[in-house]
Amino acid sequence: QVFRRSIAINRNLTFIEYLKPYEDQIFNIDFIRHCNKLYVDDNVIYNYIVNDASITSVLAKSYDYHGEYNRIISLYEEKLKRESDEEHRIANANTCFIMLSSQIVKLIHNAKSYSSFIKEYKCVFDVTKVRNIIGISHMTNSVKYSFTKFCIMHNMLRLLYTVLRLRLKIKR
């Protein structure tokens, strides 16, 4: 990503630090709103180097369910402030749902039992907030997401847990 520095400075655009590693998504939305022209190119102009000290590596090594959940919800809420129509609201909910689903899969993967999964799930997730977001999403093109949405919306977490454990081929 290449940005015109003067736009960022003149508009006082900054990254929202507490959203790391998602802070660039909000910055991009805010920045684009102040552009007269935008050029998108799919040519690779940099090489990604694996760095053990990068934010992605650090977060992966010491995964914090609470911190990640809070970042996902904060990102969702920041995007919600900037949305102008229903299509963007649904897209935001879809993205958030995918991120939350990934967190749920990770939680199931690491759980020693259904009861430990439920305990952690209720501790990490605000169930009402998750249901509200998932209710807005339209992920009907995927069996996995449709099933996850159904189970969460109907409080069928044991079914979700059992099927995902089998699907992931995880042995207790």
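Above: the structure in question.
Residues numbered from 1 in each chain as written. Predicted model: local features only at pLDDT ≥ 70, side-chain atom pairs only at ≥ 80, totals over all residues. Heavy atoms only, no water.

Quick notes on the packing of aromatic side chains
Thinking step 1. Going through the model one piece at a time under the given rule, you end up with eleven aromatic pairs.
Thinking step 2. On the basis of an interplanar angle of 35 degrees and a centroid distance of 5.0 Å, the ring pair of Tyr121 and Phe125 is categorised as tilted. Comparing Tyr121 with Phe125, the two get one shared label, buried. (Phe/Tyr/Trp six-rings, centres within 6.5 Å; stacked < 30°, edge-to-face > 60°. Buried < 20%, exposed > 50% of the residue type's maximum accessible area, 1.4 Å probe, protein only.)

Quick notes on the packing of helix H7 (residues 127-136) against helix H8 (residues 143-153)
Thinking step 1. Remark: H7 packs on H8, axes separated minimally by 10 Å, with the N-to-C direction vectors making an angle of 140 degrees. In terms of axis orientation, H7 runs oblique to H8. For the element pair H7 and H8, the recorded crossing hand is left-handed. The segment H7 lies against H8, with Val130, Arg131, Ile134 and Gly135 engaging Lys149, Ile152 and Met153.
Thinking step 2. Its residues placed into classes, the contact of H7 with H8 shows four nonpolar, one polar and two charged. (Axes fitted to C-alpha atoms, helices over the stretch in contact; angles between N-to-C directions. Helix = DSSP H or I, 4+ residues; strand = E, 2+ residues; numbered from the N terminus. Parallel < 35°, antiparallel > 145°, perpendicular 65-115°, else oblique. Left-handed = near helix turned anticlockwise from the far one by under 90°. Contact = heavy atoms within 4.5 Å. Nonpolar A, V, L, I, M, F, W, Y, C, P; charged D, E, K, R; others polar.)

Side note on unusual backbone geometry
Thinking step 1. Geometrically, the link from Lys20 to Pro21 is a cis peptide bond, its omega value of 10 degrees lying close to zero.
Thinking step 2. Mapped onto the elements of the fold, Pro21 is located in the loop between helix H1 (5-10) and helix H2 (23-32).
Thinking step 3. Residue Asn12 is not a glycine yet carries a positive backbone phi of 55 degrees.
Thinking step 4. Structurally, Asn12 can be placed in the loop between H1 and H2.
Thinking step 5. Look at Asn155: it is not a glycine, yet its phi comes out positive at around 55 degrees.
Thinking step 6. Structurally, Asn155 can be placed in the loop between H8 and helix H9 (157-168).

Quick look at the nonpolar core
Thinking step 1. By size, the foremost hydrophobic cluster in this structure holds 38 residues, and its most contacted members are Ile104, Phe117, Tyr121, Phe125, Ile152, Leu157 and Leu160.
Thinking step 2. Where this core is concerned, the elements lending two or more residues are helix H4 (65-82), helix H5 (86-110), helix H6 (114-124), H7, H8 and H9.
Thinking step 3. A total of nine residues in this core trace back to one element, the largest contributor, which is H5.
Thinking step 4. Once residues lying within four places of it in the same chain are set aside, the contact partners of Tyr121 are Ile104, Leu107, Val127, Ile152 and Leu157.
Thinking step 5. Of all hydrophobic cores here, the second largest spans six residues; its members include Ala8, Phe27, Phe31 and Cys35. (Core = buried A, V, L, I, M, F, W, Y, C linked by side-chain atoms within 4.5 Å.)

Description of H6
Thinking step 1. Taken as a whole, H6 has its buried residues at Tyr114, Phe117, Ile118, Tyr121 and Val124. On an axial view of H6, the arc spanned by its buried residues comes to 140 degrees, and they lie on one face. Across H6 from its buried face, at more than 90 degrees, point the exposed residues Ser115, Lys119 and Lys122.
Thinking step 2. The secondary structure elements touched by the buried residues of H6 are H4, H5, H7, H8 and H9. (Arc of directions from axis to C-beta.)

Brief notes about the environment of Asp52
Thinking step 1. Summarising the element assignment, Asp52 is placed in the loop between H2 and helix H3 (55-61).
Thinking step 2. Separated by 87 residues in sequence, Asp52 and Met139 have C-alpha atoms that sit 34 Å apart.
Thinking step 3. Not counting residues within four places of it along the chain, the set of residues in contact with Asp52 comprises Ser57, Val58 and Lys61.

Coordinates in, geometry out; function isn't part of it.
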